[in-house]
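A look at the structure
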Amino acid sequence: MTPVVTATPVIAGRTTLLDRFEQPARAALARLTPDEAAVVERELAAWRRAGERATTPLAELTDVARAVPERLYHDSARVLLRMHEIAGSGNYQSCLSSLPTVRACFDLGLVPDAGDRSEDAESGGFDGAPAELVVGRGHIAPSFYAERYVRGTFPFAPLTTLHRDGLTGVVHRDWGFRNTMRYSLGVGVAQAVSLAWDLRRRGLTRKVVCLAGDGELHEGVTFECLRFAQEAGLDNLILVVDSNGKGIEPLRAPVSREYLSHYLGRARDVDGQNSQAVATGLRDMLEAPGGGALLCATRKEGHSFKPPADPAAPPPRASFATTSGRLLADFQEETGRPLAVFTGDMAARFGLAGAVPYENVGLAETLSLGLTLSLPDDTVKVVATDAMYYMDSLSMLTEATTSTRHLLVLAGRSWGAWGGAANAVNLLDQIMRTKVYEPVTAAEFRACAEGQLADSATAHVLSMVDARFAEPGRDCSADIDGAEWITPGVDHAEPDCAVISFGYATVLVEEANRDLGLPHLHCAALRPDLAPALIEQLRRCRSILSVEYNGVSGGFGEGLRARYLLPLTPHGVSGDIVNCVHDKQLSLHGMAPDQLAERLRALRENGAAASC
């Protein structure tokens, strides 16, 4: 998964951690046991009494933990489970598989303490640690929080806010990590090689330890990094690999010990489920000359944490993205066209298993596109990827977009300003023969795929939203590049004001507009071609609101306003989407139906006032 992180707020030179954690911790109280809730209340009270804050976030958290020293749990594995149960989501299995390695890093003194991080000019290191630690498995930050908690340097209250607008699930400098995972998996290895190279350049003997996963080693950048490390003679790099044979899906083959030993000098296998065995193996590598790879054999079950289903509740609606496999199978049956489907560990997200044959390339996103380049022209090439993953393979995506016929890119999970349709237009709009859609009905999906057949030289990017929703009653399937009035009875009216929505936002606006009945126009194309009569109708409106679950800047609404000169105000996501559950994302960015309803009421009232 591609990490997204948010920084700790700073006011007047100090971190406002209580401001950050108190509200989400209180919101979690109903999901806590009585003992947990009582400890959280005592910690928050101690936090408020503390007065002057410590100089670093970790030091501040340590002070709170010491003020309320009671430990509810003494096993970090149990703490990890509770964090995910309270959050209701997260990468529990990844965190659990790496937990013995994390414990070993604490035991060896590799994890920075809560003090100020001052650099020793002689060694190039921090805090007296025996080596520099870079956590490439950026999403295992909860393992470190859990271990800090049982060791008495982390309070319980922040743990209850994981993925709930409080504690980030991704490594961040504020929480004691050498480098921040700001963008993608694989970059941790690049950071480690960069640091090892710099230490050698300065003539320092200090070593760098990088925690990585075997799925992560599929990333193209890791191959480049290991090749460079060997050629540059970086004998101060130790790669610690969580080797469980799984990324999100099972890997094609185990990580190659011979490959790693060739580039890093030596490779050693240890029982990765035994923290003492990991610590012994890693200590030996730190004390011996040269670098190497420590392969820690672990086990990992399902990727994403899911709380037990309520047997009395109806089964949850499937997210729209997971219908992709069935829709592709229907498309193939209806058209008789051969399909070649490639995905980077995303088969579950798109519902491919049991629906269509596919090839999983792991996290080698560049390869997923590269495998399309020499296939026969009449084959429909489908690349099912994450909304941000195709950023990793932009050069190959450019090649495929400009040279491959019948290319259909499914981009899952809309991350607001980061992903989905916004990334597609930002990265691909300057490339010829590319169209971007966000279908929200099965009929729109078919229309997009059929349009690709009719214009085989044009690459089609479909933002497949990873959210659960009921399909709207009307859609753009009859004219996928046009627009459709969702609100009944306005097809030939002269509205004073109107709302225009793109893709998934239509579902949200439709719910918000249910009792208001404002004229509501839906588009499935990011750059729609509106009919002249419709353009004139919209231009006669006194005000128009556009809504998109994407970044506003340069997005759907701004494109409409610039192209058709409409009296339009765009509304969407501003800045980064935060790493929290979907419903929370909506409310934080003003996209929840109740928030949209307020905007629609204001739109109607302002329009009425303007006409008086």
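To be clear, the structure that these remarks concern was listed above.
So, here's what we can say about the structure. What you see is a predicted model; the values in this text were computed from it and never measured.

So, how was this worked out
Throughout, a residue's number is its position along its own chain's written sequence, starting from 1. In keeping with the predicted nature of the model, local features appear solely for residues at pLDDT of at least 70, side-chain atom pairs appear and are counted solely at 80 or more, and the whole-chain, interface and lining totals rest on all residues. Side-chain numbers here rest on the full set of heavy atoms in the structure, without hydrogens or water. For two strands to be treated as a pair, DSSP must find no fewer than two bridges joining them. Helical segments are the DSSP runs of H or I of at least four residues, strand segments are the runs of E of at least two, and each set is numbered from the N terminus. Assignment of crossover handedness uses the view with strands pointing away from the viewer, where a clockwise path from the first strand over the helix to the second indicates a right-handed crossover. With a 1.4 Å probe rolled over the protein chains alone, any residue whose accessible area is under 20% of its type maximum counts as buried; one over 50% counts as exposed, and the rest are partly exposed. Pairing of aromatic side chains requires ring centres within 6.5 Å, counting the rings of Phe and Tyr and the six-membered ring of Trp. Pairs whose planes differ by under 30 degrees are stacked, by over 60 edge-to-face, and all others tilted. Salt bridges, as used here, are contacts in which a Lys or Arg side-chain nitrogen is within 4 Å of a carboxyl oxygen on Asp or Glu.

What about the pairing of strand β6 (residues 267–271)?
Consecutive side chains along a regular strand alternate between the two faces of the sheet. Bridge count for β6 against strand β7 (residues 292–297) is five bridges, and the pairing is parallel. For valine 270, the partnering residue across the bridge sits in β7 and is cysteine 296. Handedness of the β-α-β unit built from β6, helix α10 (residues 275–287) and β7 comes out right-handed.

As for the pairing of strand β16 (residues 520–523)
Neither face of β16 is open: one carries His520 and His522, the other Leu521 and Cys523, and all of them are buried. Alignment of strand β14 (residues 484–485) against β16, held across two bridges, turns out to be antiparallel. Of the residues in β16, the one forming a bridge with glutamate 484 is histidine 522. The β-α-β motif built from strand β15 (residues 497–502), the intervening helix α18 (residues 504–512) and the parallel element β16 has right-handed crossover chirality.

Details of the packing of aromatic side chains
Across all of its chains, the model carries 14 aromatic pairs by this definition. What links up through ring pairs into an aromatic cluster is the set Phe320, Phe469, Tyr504 and Tyr549.

Here's the deal with the pattern of salt bridges
Here the structure, examined in full by the defined rule, presents 28 salt bridges. Across the pair glutamate 70 and arginine 42 runs a salt bridge, and its minimum N-O distance is 2.4 Å. Of this pair, glutamate 70 sits in the loop between α3 (57–67) and α4 (76–87) while arginine 42 sits in helix α2 (residues 34–49), and the two are 28 residues apart along the sequence. Linking aspartate 466 and arginine 349 is a salt bridge whose minimum nitrogen-to-oxygen distance equals 3.8 Å. Here arginine 349 lies in helix α12 (residues 347–350) and aspartate 466 lies in the loop between β13 (459–464) and β14, a separation of 117 residues in the sequence. Judged by its relative accessible area of 27%, aspartate 466 is partly exposed. Within the structure, one salt-bridge network assembled from shared partners comprises Asp75, Arg103, Asp107, Glu147 and Arg151.

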